[in-house]
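An overview of the molecular structure
Here is what each chain is made of, one letter per residue.
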Amino acid sequence: MTQIAAATVGGVFKPSTSPPTDFAESWFDGTNYNYNAVADYYTAPAVSPRSTITELFSGSVSVSPSFFGMHYNRHATVVGEPLTASIVRIHDATWGEQRAHWRGTNTAQGVYDWTALDNIVARWYARGREMIYTFGVTPSWASARPSESGAYGLGTAAEPSSNTYWTDFCQAIAERYDGRIKYWEVWNEVNLSLFYCGTKAKLAELARLAHQTIKAVNANNIILSPNCTSLATGGATYFDGYLTASDGATGTGADWFDIVACHLYCSASTRMGLDTKGLIDALDAVLATRSITKPVWNTETGLLSPDANVLLEDKMKHIKRSMVIAAALGVEHWSLYTYDHTTMGINDKLRYTQEWEDWRSVLLSGAVTRVNQLWDGRIACVIDGAEHLV
């Protein structure tokens, strides 16, 4: 930053010497004129309430290949390996006309149709991909409130009417895909009543039962917590309540996961560069209060409809910003929703895939050492010593 003392000429404040010609922004602080060049985007910003550069991160963080995740809605129509994502989350997933969630698979007590899941798991396992399976979407026959509205039909947001229905499914799916599905996420967006409308205590009980059942099948299985979205506007508070809720035995919700799952959706896609840090900060505050130091995974985020229909260049800017902020602030996995959704998916898949691969290579190239936020949401970051403005 260049700073020039102010002078009074004819009662008017002016810089006492000629200002630089290549500045990107300037402001007057009452005593001095301050000028930021483009190069200043990548350094520690000036301490001034009028500087439009905000430091989000300074330090050193390395990104691993497991950071990159992807969702696919229609797995049967995905050709080849469209882009490089180490982990595929099985959520909102179909094979042909069959959905792969609990309701679509467990059609009656003790009756299973594994067709969709068998094909999806076989596809990604053959390609060396890890998978997350997300529980939830209660079948109507098993629902505690089968006539209650839910995102996937009546009764789907309610807890099961019997814990046996839940543990039977947890055991059946964990046994069938033992050694192929490693990550198990207890429930999706539990702070939204369309996805889960039971109590936090019941959710903690279900998490305990899932953890005990799935780990009994294979102790190496990894359990992800139920995830929350809208973290800065109620989601983190909900998760805090879940962590302290009784699990129906001697513990609480905090006892039954290996990884903290969350969703980093912003209020609008254009806010991804401006708001992502606030979402992570809200969750981190809860984890610090509860002395939880487990890894944090963002198992879903993306461009909300109708923002998903912005130009490819804008779409990739928002996604790149979210990725690098999350990585710098310690989020160890970031999963995009979704590759082929009707409104939230990727329109120009060829160009998008190239953009994804290029940015993935940048993030894997070396340590992220600085992330600064500009006034308009752009992110200036330094990765492996190279400067990037997205």
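See the structure above.
Residues numbered from 1 in each chain as written. Predicted model: local features only at pLDDT ≥ 70, side-chain atom pairs only at ≥ 80, totals over all residues. Heavy atoms only, no water.

1. Considerations on the pattern of salt bridges
Selection rule: By definition here, a salt bridge exists when the distance from a side-chain nitrogen of Lys or Arg to a carboxyl oxygen of Asp or Glu is within 4 Å. The cut-offs for exposure are 20% and 50% of the maximum accessible area for each residue type, with area from a 1.4 Å probe on protein chains only; residues under the lower value are buried, those over the upper are exposed, and the others partly exposed.
Per the counting criterion, the structure on display carries 13 salt bridges. Of the charged contacts, one joins Arg378 and Asp376 as a salt bridge, the two residues approaching to 2.8 Å between their closest N and O atoms. For Arg378, a relative accessible area of 25% gives the class partly exposed. The network of salt bridges with common partners includes Arg89, Glu185 and Glu300.

2. Examining helix 3 (residues 163-176)
The cut-off we apply is this: Put simply, DSSP marks the helices as runs of H or I at least four residues long and the strands as runs of E at least two long, and each gets a number from the N terminus on. The span expected for a helix works out to 1.5 Å for each residue beyond the first.
With 14 residues, helix 3 extends 20 Å from end C-alpha to end C-alpha; this agrees with the ideal 20 Å at 1.5 Å per step. Those residues of helix 3 not exposed but buried are Tyr165, Trp166, Thr167, Phe169, Cys170, Ala172, Ile173 and Ala174.

3. Re the sheet that holds strand 4 (residues 32-37)
Counted only if it meets this: When DSSP finds at least two bridges between two strands, those strands are taken to pair. Think of each axis as a best-fit line through the C-alpha atoms, taken over the contacting stretch in the case of a helix, with angles from 0 to 180 degrees between the N-to-C directions.
One open sheet holds the four strands; their spatial order is 2-1-4-3, and the pairing between them is antiparallel. Either end of the sheet is taken by a strand with one partner, and the two such strands are strand 2 (12-15) and strand 3 (23-28). Neighbour-to-neighbour, the strand axes of this sheet turn through a mean angle of 30 degrees, independent of strand direction. Bridging between strand 3 and strand 4 involves five bridges; their strand directions are antiparallel. The residue of strand 4 that forms the bridge with Phe28 is Tyr33.

4. Concerning the side chain of Asn191
Our working definition: N or O atoms within 3.5 Å of each other form a polar contact, as long as, within protein, one can give a hydrogen and the other can take it, and as long as residues adjacent in sequence are counted only when both atoms are side-chain atoms. Contact definition: two residues touch when any of their heavy atoms are within 4.5 Å.
Its place among the elements puts Asn191 in the loop between strand 13 (183-185) and helix 4 (200-217). There is a polar contact of 2.9 Å between the side chain of Asn191 and the backbone oxygen of Thr229. Among all residues touching Asn191, those that are not within four sequence positions of it are Asn227, Cys228, Thr229, Ser230, Gly235 and Tyr238.

5. Focus: the packing of helix 3 against helix 4
Just so we agree on the cut-off: Handedness of each helix crossing follows the sense of rotation of the near helix against the far helix: counterclockwise by less than a right angle gives left-handed, clockwise gives right-handed. Under the grouping applied here, Gly and all other residues not named as nonpolar or charged are polar, the nonpolar ones being Ala, Val, Leu, Ile, Met, Phe, Trp, Tyr, Cys and Pro and the charged ones Asp, Glu, Lys and Arg.
One can describe the packing of helix 3 onto helix 4 by two numbers: an axis separation of 9 Å at closest approach and a directional angle of 35 degrees. Note on packing geometry: the crossing formed by helix 3 with helix 4 is right-handed. Seen from helix 3, the contacting residues are Asn163, Trp166, Thr167, Cys170, Gln171, Ala174 and Glu175; seen from helix 4, they are Lys202, Glu205, Leu206, Leu209, Ala210, Thr213, Ile214 and Val217. Split by residue class, the contact of helix 3 with helix 4 holds eight nonpolar, four polar and three charged.

6. Re the pairing of strand 19 (residues 379-383)
The buried count for strand 19 comes to five of five residues, which makes it a mostly enclosed element. Side chains of strand 19 alternate between two faces, with Ile379, Cys381 and Ile383 and Ala380 and Val382 buried alike. Here strand 18 (residues 368-373) folds back onto strand 19, and the loop between the two strands holds five residues, one of which, Gly377, carries a positive phi near 95 degrees. The sheet contact formed by strand 19 and strand 20 (residues 386-389) spans four bridges and is antiparallel. Within the sheet, the bridge partner assigned to Ile383 lies in strand 20 and is Ala386. The hairpin turn running from strand 19 into strand 20, its antiparallel successor, is two residues long, and Asp384 in that turn takes a positive phi close to 55 degrees.

7. Re the sheet that holds strand 5 (residues 54-61)
Taken together, the four strands give an open sheet; going across it, the order is 5-18-19-20, and neighbouring strands pair in antiparallel fashion. The open sheet has two edge strands, strand 5 and strand 20, and neither has a second partner. Strand-to-strand twist of the sheet, defined as the mean angle between neighbouring strand axes without regard to direction, takes the value 15 degrees. Of the strands in this sheet, strand 19 and strand 20 touch helix 8 (residues 349-364), which is tilted by about 55 degrees from strand 19.

8. Focus: the packing of aromatic side chains
Our working rule: We call Phe, Tyr and Trp rings a pair once their centres come within 6.5 Å, taking the six-membered ring for Trp, and we label the pair stacked below 30 degrees between planes, edge-to-face above 60, and tilted otherwise. In this scheme, Lys NZ or Arg CZ marks a charge over a ring once it lies within 6 Å of the ring centre and within 35 degrees of the ring normal.
The final tally for this structure, using the stated rule, is 28 aromatic pairs. With centroids separated by 6.2 Å and ring planes inclined at 70 degrees, the aromatic side chains of Phe68 and Trp356 adopt a geometry described as edge-to-face. Placement of the pair is Phe68 in strand 6 (residues 68-71) and Trp356 in helix 8, with a sequence separation of 288 residues. By relative accessible area, Phe68 is classed as buried at 0%. Accessibility expressed as a relative area gives 2% for Trp356, which makes it buried. Geometry around Trp124 places Arg123 over its ring, the cationic atom sitting 5.3 Å from the centre. The side chain of Lys349 reaches across the aromatic face of Tyr339, ending 5.2 Å from its centre.

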